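Residue-level structural notes
Residue-level listing of the chains:
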Amino acid sequence: MVLTRDFKETVKERAARDPAFAKAMLDEAATAFLNGEPHVARLILRDLVNASVGFEALAAETNRPSKSLHRMLSEKGNPSMDNLAAIFGAVRKRLGVAIEAHVVEAA
């Protein structure tokens, strides 16, 4: 089956026009990171940055080069905790939300 639209573009456009979807993406990225899936968290964050903040604005807000941010959020990226916190903080601020972590019993 041939796809008529690029999946990443579809996600980007939806996150840009639907604040609830963008917030759900941020929640999913934070949950993935805290549950030991940093690879998944980076890729979700990359799509969310593209849809909300943009890498140039993120660079200005975090005082980090945009190319470095692109590498950090790539498939093989390895951002430091400080860089990851700055990225989460900038996206959180742009979306106007706070992030809270809650511990629940494992199934």
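The structure reproduced in this document is the subject of the present report.

Counting its secondary structure elements, the protein contains six helices and zero strands. From first element to last, N terminus to C terminus, the protein shows the α and β order α-α-α-α-α-α. Relative to the globule expectation of 13 Å for 107 residues, the C-alpha radius of gyration of the protein, 14 Å, shows essentially globular dimensions. In terms of its C-alpha atoms, the protein occupies a principal-axis envelope of roughly 40 × 40 × 30 Å. Taken across its 107 residues, the protein has 37% of its residues classed as buried. Partitioning the contacts of the protein with sequence separation of at least 6, the portion at a separation of at least 24 is 56%. Summing over all exposed atoms, the protein offers an accessible surface of approximately 7200 Å²; the carbon and sulfur share of this is 54%.

Take the pattern of salt bridges next. Proximity of charged atoms lets side chains of opposite charge pair with each other. Under the defined criterion, the tally for this structure stands at two salt bridges. Close ionic contact of Arg14 with Asp18 constitutes a salt bridge, the shortest N to O distance being 3.2 Å. According to the relative accessible area criterion, Arg14 is partly exposed, its value standing at 36%.

What follows covers the side chain of Ser66. Of note, Ser66 is situated in helix H5 (residues 66-72). The exposure class of Ser66 is buried, given its relative accessible area of 14%. Not counting the four nearest positions on each side in its chain, Ser66 is found in contact with Phe55, Glu56 and Ala59.

Turning our eyes to something else, we now look at the side chain of Arg42. Along the polypeptide, Arg42 turns up in helix H3 (residues 38-51). It is Glu75 that comes nearest to the buried, bridge-free Arg42 among opposite-charge side chains, at 7.5 Å.

Moving on, we get to the packing of helix H1 (residues 7-17) against H3. At their nearest, the axes of H1 and H3 sit 8 Å apart, and the two run at 60° to each other. One way to sum up the angle between H1 and H3 is to call them oblique. Our pair here, H1 against H3, has a crossing hand that is right-handed. Each of Lys8, Val11, Lys12, Ala15 and Ala16 in H1 lies in contact with H3, whose residues at this interface are Arg46, Asp47, Asn50 and Ala51.

By secondary structure assignment, the location of Phe33 is in helix H2 (residues 19-34). Classification of Phe33 as partly exposed rests on a relative accessible area of 25%. Setting aside residues no more than four positions away along its own chain, Phe33 makes contact with Pro38, Ala41, Met81 and Leu84.

About the cut-offs
- Residues numbered from 1 in each chain as written.
- Predicted model: local features only at pLDDT ≥ 70, side-chain atom pairs only at ≥ 80, totals over all residues.
- Heavy atoms only, no water.
- Helix = DSSP H or I, 4+ residues; strand = E, 2+ residues; numbered from the N terminus.
- Rg over C-alpha atoms; globule rule 2.2 N^0.38 Å.
- Buried < 20%, exposed > 50% of the residue type's maximum accessible area, 1.4 Å probe, protein only.
- Contact = heavy atoms within 4.5 Å.
- Areas by Shrake-Rupley, 256 points an atom, 1.4 Å probe, with all protein chains shown as cover.
- Salt bridge = Lys/Arg side-chain N within 4 Å of Asp/Glu carboxyl O.
- Lys, Arg positive; Asp, Glu negative; His and termini not counted.
- Axes fitted to C-alpha atoms, helices over the stretch in contact; angles between N-to-C directions.
- Parallel < 35°, antiparallel > 145°, perpendicular 65-115°, else oblique.
- Left-handed = near helix turned anticlockwise from the far one by under 90°.

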